[in-house]
Amino acid sequence: MHVTPATTRISSSALKHNLQCIKQKAPQSKVIAVVKANAYGHGVEFVSSVIEEDVDCFGVARLAEALKLRSHGITKPILLLEGFFDEKDLPILAVNNIQTVVHNHEQLHALERFSLPCDLSSKVKVWLKIDTGMHRLGVSLEQVDEFYTALKGCKSVDKDIGFVSHFSRADEVQVNYSQIQLERFLKAVKGRGERSIAASGGILFWPNSHLEWIRPGIIMYGISPNNDTTCRQDLTPVMTLISSLIAIRDLPKGEPVGYGGAWVSEKATKIGIVAIGYGDGYPRDMPQGTPVFINGRRVPVVGRVSMDMLAVDLGVDSQDSVGDEVELWGKHLPIEEIAEKSGFLSYELMTKLTPRVLTEYVD
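Remember, it's a predicted structure, so these values are computed and weren't measured experimentally.

Enquirer: Help me out: how do you make sense of the overall build of the chain in this one?
Expert: When its secondary structure is counted, the chain shows 11 helices and 18 strands. Expressed along its principal axes, the backbone C-alpha trace of the chain runs to roughly 75 × 45 × 35 Å. Taken over 363 residues, the chain has a buried fraction of 52%. Within the chain, contacts between residues separated by at least 24 positions form 65% of all contacts whose residues are at least 6 apart in sequence. Across the chain, the mean location of the 39 positive side-chain charges is 3 Å away from that of the 44 negative side-chain charges.

Enquirer: Would you mind showing me how to read the side chain of T7 here?
Expert: Summarising the element assignment, T7 is placed in strand β1 (residues 7–11). Engagement of the side chain of T7 in a polar contact is seen with the backbone oxygen of P5, the distance being 2.7 Å. Those residues in contact with T7 that sit more than four places away from it in its chain are T240, L241, I242, V357, L358, T359 and E360.

Enquirer: Which parts of the structure should I look at to understand the nonpolar core?
Expert: If you look at soluble globular proteins, the nonpolar side chains tend to sit buried side by side. Within the largest apolar cluster, 109 residues are counted, with the highest numbers of intra-cluster contacts made by V35, I51 and W329. Apart from the residues lying within four places of it in its own chain, the contact partners of W329 are M239, T240, L241, Y282, I335, I338, L349, M350 and L353. Among the nonpolar cores identified, the runner-up in size contains seven residues, and V257, I273, V302 and A311 belong to it.

Enquirer: Is there a simple way to think about the environment of K125 in this case?
Expert: Relative to the assigned elements, K125 resides in the loop between α6 (105–113) and β6 (126–129). Residue K125 is classed as buried on the basis of its relative accessible area, which comes to 14%. Between the alpha carbons of K125 and I98 there is a distance of 7.6 Å; along the sequence they are 27 residues apart. Not counting residues up to four positions away in its chain, the partners in contact with K125 are Q99, T100, D158, D160, I161 and G162. Among the polar contacts made by the side chain of K125, one reaches the main-chain carbonyl oxygen of D160 at a distance of 2.7 Å.

Conventions we followed
- Residues numbered from 1 in each chain as written.
- Predicted model: local features only at pLDDT ≥ 70, side-chain atom pairs only at ≥ 80, totals over all residues.
- Heavy atoms only, no water.
- Helix = DSSP H or I, 4+ residues; strand = E, 2+ residues; numbered from the N terminus.
- Buried < 20%, exposed > 50% of the residue type's maximum accessible area, 1.4 Å probe, protein only.
- Contact = heavy atoms within 4.5 Å.
- Lys, Arg positive; Asp, Glu negative; His and termini not counted.
- Charge placed at Lys NZ, Arg CZ, Asp CG, Glu CD.
- Polar contact = N/O pair within 3.5 Å; in protein donor to acceptor, adjacent residues only side chain to side chain.
- Core = buried A, V, L, I, M, F, W, Y, C linked by side-chain atoms within 4.5 Å.

Purely geometric numbers; function is a separate question.
Written out as structure tokens, the structure is:
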């Protein structure tokens, strides 16, 4: 008997394939590959090393993520998509060639006070974040001229200011709000610098938003931003989440499975116990009937998900064996379908996986 515990299989060939598909969709745009949150749960060291030669910049949320890339030998530019959080971070950005978004007065004033270390000649590259309708981060449309002029006057800031914004409804192709945001962005920038507004949804659904830079995130990992698998077209899932059957039990009619008796068998069946649970990041609240893939067929999750295990109804005529592989999502079972069934976002499902889950890099 050989049992594989909860494991993600991460495919380098799928990752490179997806990036090439994305570049074909926006052939005139440079690429900021978004690898925040441990590359959406795929392993930031692996992902960044696989694609570094094919991208122009990496995007992360936090300084610690950027420094992790640098410590792993990544030399391409890195952009802090939320900007720096502390004035004391600025020398670290300058020394490590880390670019930053600026979206508020506090960051601007910190840059105005900042002096480059004497042994550095390269200035801090800044992207001005403009709020075009997301109303999360960014300077207002009325503040763009003020911030742009002030940043151009900062002695330690690169004079080549970039501009960035973010769609709030890019995956809603029947809604015109993205076009409104794009028009606001183009008007506010007025050709003063390189621009980026298209993340995954913009890349797929709003080709006129590609501009000089695109920021692929979830589609780089082969997943649709809106749970519609047809939208991702030729993209291939990079992650497959697997585990194994560790027990098979005969269950009479009318017997419960798991905590609280949440599920009771309507007829005699065989129950399979799978070595994965909420301790691995598989949600405890996953609904009854959520499918998993075993030996060429789908079978439903039954009972409550435990910390280390979950139960599935294999059927009374099952020929499955202990040690057989179970796919939770991936090649045979799209994560978009699991997300739709469960009410979780596919982003959330991937980034919730805990360090206990093993990682197997393939291809």
